[in-house]
Amino acid sequence: MGKQKKRQAEKQSFTVSQNEEELNKKYNLYQDAVQSPKGDISWFLKFFRQYVGGRPPRHLREDFCGTALVCVTWCKGDVFRSAVGLDLDPEPLQWGMRNNAAQLGGSAPRQLCLLQCNVLDDPAAASEIPHPAEPSSSPCSEPDSNPKPALEAEDSSEGLDVRSRPADIVCALNFGVCLLHQRSELLRYFQRVRAALSPEGGIFVADLLGGHAAEAPVKLPRQNAVTGLHYVWEQGTFNPVTRHVNGYISLKCPQTKQVLKHAFSYHWKLWTILDVVELLLQAAFASTHVWEADEEAEGSEADEADFVPYTAALAADAGMLQLLSRGWTAYIVAVT
């Protein structure tokens, strides 16, 4: 009987290890092939300086955060920074806490909080993903037992626990707003974001896509300009009435050549820029700004494009408008 239990324990241990290995492969490949967190953050900082200014942004909230790579990259940039990540799926949150948060070392509980939460709901009631070093504690809501005076002097919000700090920047990347399919949902989400931003001023940044290329079945190989890794974006038939489309990301391990077909799947509603801007203004944002990806700019790459503000001059540029009609991506920036 003892030997049987031992064999069962060994089998269970192997299964867990094997599952973890598969998760590592899936999420590491996604992060390296699809995401460019440093590039996104550089744009966040530019937008904050341009539209708010007067102070450095300290606290970031990443909605639809997945493995929270943007949160962790943000915190690594400055010891005074902190971040909260929200996502409905516990698997990437837990993986991100085990793997990405480890890059922050002992400062992780002070800088980072991950919440399993629907972005439409109040994050105050959300479940926290525990930090591995403190499995039985509530790391995001307990004050630091050894607060650093320098941090408190730097920013008045540093006395608050991570999850309670008002955000200087809220972001929704990887076309997260397209996961919300009803106008009432999108408006409610924008109102939640507006309420989460600092009374001293803040910005919300979301990315969006559209044009003919986003509305046609396609299987498109892509390359990350930073890491050089490849992935394949595939999308099905676009419904012009509901504006719904299904999309898939397939990944390939460069070492083993193993293909993770449809490793990630998405069911999107392709909102127009006008839809999003109108709802942001209804949600009491003071102004909105559209920055279009200029993939024709010298030195730009498919996944590391330059962005230019949409202005009257751009609207009068027939050549640029023709390019945008074929397909576009953009940052939508809303300012309090």
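Parameters and conventions
- Residues numbered from 1 in each chain as written.
- Predicted model: local features only at pLDDT ≥ 70, side-chain atom pairs only at ≥ 80, totals over all residues.
- Heavy atoms only, no water.
- Pairing = 2+ DSSP bridges.
- Helix = DSSP H or I, 4+ residues; strand = E, 2+ residues; numbered from the N terminus.
- Salt bridge = Lys/Arg side-chain N within 4 Å of Asp/Glu carboxyl O.
- Buried < 20%, exposed > 50% of the residue type's maximum accessible area, 1.4 Å probe, protein only.
- Core = buried A, V, L, I, M, F, W, Y, C linked by side-chain atoms within 4.5 Å.
- Contact = heavy atoms within 4.5 Å.
- Phe/Tyr/Trp six-rings, centres within 6.5 Å; stacked < 30°, edge-to-face > 60°.
- Lys NZ or Arg CZ within 6 Å of the ring centre and 35° of its normal.

Student: Mind showing me how you'd approach the pairing of strand β11 (residues 287–294) here?
Tutor: Remark: a regular strand shows side chains that alternate across the two faces of the sheet. Here β11 pairs with strand β13 (residues 328–335) via six bridges, running antiparallel. Paired with Thr288 across the two strands is Ala334, which belongs to β13. Inspection of the sheet shows β11 paired to strand β12 (residues 306–309) by four bridges, in the antiparallel sense. Residue pairing across strands places Trp291 opposite Pro309, the latter belonging to β12.

Student: Whenever I open this one, the sheet that holds β11 confuses me. Can you help?
Tutor: In a beta sheet, neighbouring strands pair by backbone hydrogen bonds and run either parallel or antiparallel. As summarised here, the arrangement of the nine strands in space is β4-β3-β2-β1-β5-β6-β13-β11-β12, forming an open sheet in which the pairing is mixed. One side of each edge strand has no neighbouring strand; the edge strands of this open sheet are β4 (127–128) and β12. Relative to strand β6 (residues 203–210), strand β5 (residues 169–172) runs parallel, the two being bridged by four bridges. Residue pairing across strands places Ile169 opposite Ile203, the latter belonging to β6.

Student: When you look at unusual backbone geometry in this model, what are you seeing that I'm missing?
Tutor: Note on backbone geometry: most residues besides glycine have negative phi, and most peptide bonds are trans. Positive phi is not limited to glycine here, since Lys257 has a value of about 65°. Summarising the element assignment, Lys257 is placed in the loop between β9 (244–252) and β10 (259–269). The backbone phi angle of His262 is positive, close to 50°, even though this residue is not glycine.

Student: Mind showing me how you'd approach the pattern of salt bridges here?
Tutor: Two side chains that carry opposite charge are able to pair once their charged atoms sit near each other. Taken as a whole and judged by the stated rule, the model has 12 salt bridges. Between Arg58 and Asp78 there is a salt bridge, and its shortest N-O distance comes to 3.3 Å. Here Arg58 is found in the loop between α2 (37–51) and β1 (59–63), whereas its partner Asp78 is found in the loop between α3 (69–76) and β2 (82–87), with 20 residues between them in sequence. Taking the relative accessible area as the measure of exposure, Arg58 reaches 8% and is therefore buried.

Student: Looking at this structure, I do not really get the nonpolar core. What am I missing?
Tutor: As a rule of thumb, nonpolar side chains are buried together in soluble globular proteins. Grouped together as the largest cluster of nonpolar side chains are 57 residues, with contacts concentrated most on Val177, Tyr189, Phe190, Phe204, Ile249, Leu251 and Trp268. Here Val177 is in contact with Phe64, Ala172, Leu186, Tyr189, Phe190, Phe204, Ala206, Asp207, Leu208 and Trp271, once residues within four sequence places are set aside. Counting 35 residues, the second-largest nonpolar core is a separate cluster that includes Val70, Ala83, Leu104 and Tyr331.

Student: Is there a simple way to think about the packing of aromatic side chains in this case?
Tutor: Each aromatic ring pair is summarised here by two numbers: the centre-to-centre distance and the angle between the ring planes. All chains considered together, the criterion is met by 19 aromatic pairs. With a centroid separation of 5.8 Å and 35° between ring planes, the pair formed by Trp43 and Phe47 is classed as tilted. Highlighted residues: Trp43 and Phe47, both in helix α2, separated by four residues, approximately one helical turn. For Phe47, a relative accessible area of 0% translates into the label buried. Aromatic pair Phe307 and Tyr331: ring centres 4.4 Å apart, planes at 35°, arrangement tilted. Remark: Tyr331 occurs in strand β13 and Phe307 occurs in strand β12; sequence separation between them is 24 residues. Using a relative accessible area of 13% as the deciding quantity, one classes Phe307 as buried. The class of Tyr331 is buried, set by a relative accessible area of 4%. The ring centre of Trp271 lies 4.3 Å from the NZ or CZ of Lys269, which sits over that ring.

Student: It is not clear to me how the pairing of strand β8 (residues 230–235) should be interpreted in this structure. Could you clarify?
Tutor: Only one face of β8 is covered, namely the one carrying Tyr231, Trp233 and Gln235; the face carrying His230, Val232 and Glu234 has none of its residues buried. By the bridge criterion, six bridges tie strand β7 (residues 218–223) to β8 in an arrangement that is antiparallel. Each residue of the ladder has a partner; that of Val218, found in β8, is Gln235. Between β7 and β8, which pair antiparallel and follow one another directly, the connecting turn spans six residues, one of which, Gly228, has a positive phi of 85°. Across five bridges, β8 lies against β9 in antiparallel orientation.

Student: In this structure, what is going on with the environment of Leu69? I would like to understand it.
Tutor: Here Leu69 is to be found in helix α3. Spatially, the C-alpha atom of Leu69 lies 6.5 Å from that of Asn100, the residues being 31 residues apart in sequence. Setting aside anything within four residues of it in sequence, one finds Leu69 in contact with Gln31, Gln35, Pro37, Glu62 and Asn100.

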